[in-house]
Amino acid sequence: NMLKQKLSRIQPNQDLVNAFTLLLTVKYERRLDKLVAMKRLADKKILEQKEMMTLLVRGNMEGKYPDDIFKQEKAHIEDKLLTYQVVSNDNLCEKYDIQKTVNFIKALFKDLAKAYDVSEYGQKRVLLGSIYPSGLSFDGSNLLNRKLGAGFRAIQEFSTDSVNFSAEERTRTSTLFK
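The structure displayed is predicted, hence computed values, not measured ones.

J.: Go over the overall build of the protein with me, naming the residues and quoting the values.
T.: Across its full length, the protein carries eight helices and two strands. Starting at the N terminus and walking to the C terminus, you meet the elements of the protein as α-α-α-α-α-α-α-β-β-α. Scored against the burial criterion, the 178 residues of the protein give a buried share of 25%. Expressed as a percentage of contacts within the protein between residues at least 6 apart in sequence, the contacts between residues at least 24 apart total 61%. Summed over all atoms, the accessible surface of the protein reaches about 13,400 Å², with 54% contributed by carbon and sulfur.

In structure tokens:
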């Protein structure tokens with residue numbers, strides 16, 4: 001099958017897959033740390049706003065604040081509370097398991113042709129769409145629109161043992177480094 005041969009040719013090497021998944025994990029952990037810090041700050045702000053509400057109610061009951069100011073300030077505190085509660089209750093951190101994602105990526109990139117073979121129709125479309133974002137057509141004997149997406153071009157460049165420093169389309173000395 002021509003498509004499976006093409007998938008085998010763009011297959012990234014395992015070292016590159018490992019480096020990519022390590023980078024992905026590090027970025028995920030940094031973002032997770034930021035989310036956890038935002039959640040902690042929101043929890044702290046919730047306590048502060050609740051204390052402010054208690055003081056406001058007490059002040060109103062003692063006659064320190066007229067009812068119109070009390071209502072206005074109460075609404076303001078409730079708005080802040082709602083905002084902080086949304087951040088605090090965001091369970092985005094629990095939704096993702098980075099290890100499952102890493103395992104999926106490693107399994108997928110272990111053998112792209114096999115991944116294509118065992119995938120359902122919708123999964124095949126997603127796989128091919130991520131590799132060939134402009135689409136892939138077959139005219140009966142050749143694959144058409146074979147331009148790789150940026151991510152897979154980078155993978156292919158880093159997967160090769162030799163690096164070509166020429167820029168044939170942009171220089172008058174395109175054969176200098178060949």
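J.: Break down the packing of helix H2 (residues 14-61) against helix H5 (residues 98-110) for me, with residues and values.
T.: One way to put it is that H2 packs onto H5 with a least axis distance of 10 Å and a crossing angle of 160°. If you check the angle between H2 and H5, you find them roughly antiparallel. Seen from above, H2 lies across H5 with right-handed handedness. Residue-level inspection shows Gln 14, Val 17, Asn 18, Phe 20, Thr 21, Leu 24, Thr 25 and Tyr 28 of H2 in contact with H5, the latter providing Ile 98, Thr 101, Val 102, Ile 105, Lys 106, Phe 109 and Lys 110.

J.: How would you summarise the pattern of salt bridges if you had to cite specific residues and measurements?
T.: Overall, the coordinates contain four salt bridges when judged by the stated rule. Between Lys 4 and Asp 117 there is a salt bridge whose closest N-O contact spans 3.1 Å. One end of the pair, Lys 4, is in helix H1 (residues 2-9); the other, Asp 117, is in helix H6 (residues 112-118), with 113 residues separating them in the sequence. Overall, Asp 117 belongs to the partly exposed group, its relative accessible area being 41%.

J.: With reference to specific residues and values, describe the packing of H2 against helix H3 (residues 67-89).
T.: One can describe the packing of H2 onto H3 by two numbers: an axis separation of 9 Å at closest approach and a directional angle of 165°. Here H3 runs roughly antiparallel to H2, going by the angle between their axes. Crossing geometry of H2 relative to H3 is assigned as left-handed. Looking at the contact of H2 with H3 residue by residue, the class counts come to twelve nonpolar, four polar and nine charged.

J.: Provide a residue-level description of H2, including the pertinent values.
T.: Within an α-helix, residues lying three or four positions from one another point in the same direction, as the helix has 3.6 residues per turn. The end-to-end C-alpha distance of H2 is 69 Å, a good match for the 70 Å that 48 residues give at a rise of 1.5 Å each. Along H2, the positions that sit buried rather than exposed are Val 17, Thr 21, Thr 25, Tyr 28, Ala 42, Ile 46, Gln 49, Met 53, Leu 56, Gly 59 and Asn 60. Between a side-chain oxygen at the N-terminus of H2 and the backbone nitrogen of Asp 15 the separation is 3.2 Å; the capping residue is Asn 13. In the segment just after H2, Gly 63 is the residue with positive phi, at about 85°.

Basis of the calculations
Residues numbered from 1 in each chain as written. Predicted model: local features only at pLDDT ≥ 70, side-chain atom pairs only at ≥ 80, totals over all residues. Heavy atoms only, no water. Helix = DSSP H or I, 4+ residues; strand = E, 2+ residues; numbered from the N terminus. Buried < 20%, exposed > 50% of the residue type's maximum accessible area, 1.4 Å probe, protein only. Contact = heavy atoms within 4.5 Å. Areas by Shrake-Rupley, 256 points an atom, 1.4 Å probe, with all protein chains shown as cover. Axes fitted to C-alpha atoms, helices over the stretch in contact; angles between N-to-C directions. Parallel < 35°, antiparallel > 145°, perpendicular 65-115°, else oblique. Left-handed = near helix turned anticlockwise from the far one by under 90°. Salt bridge = Lys/Arg side-chain N within 4 Å of Asp/Glu carboxyl O. Nonpolar A, V, L, I, M, F, W, Y, C, P; charged D, E, K, R; others polar. Expected span 1.5 Å × (residues − 1). Polar contact = N/O pair within 3.5 Å; in protein donor to acceptor, adjacent residues only side chain to side chain.

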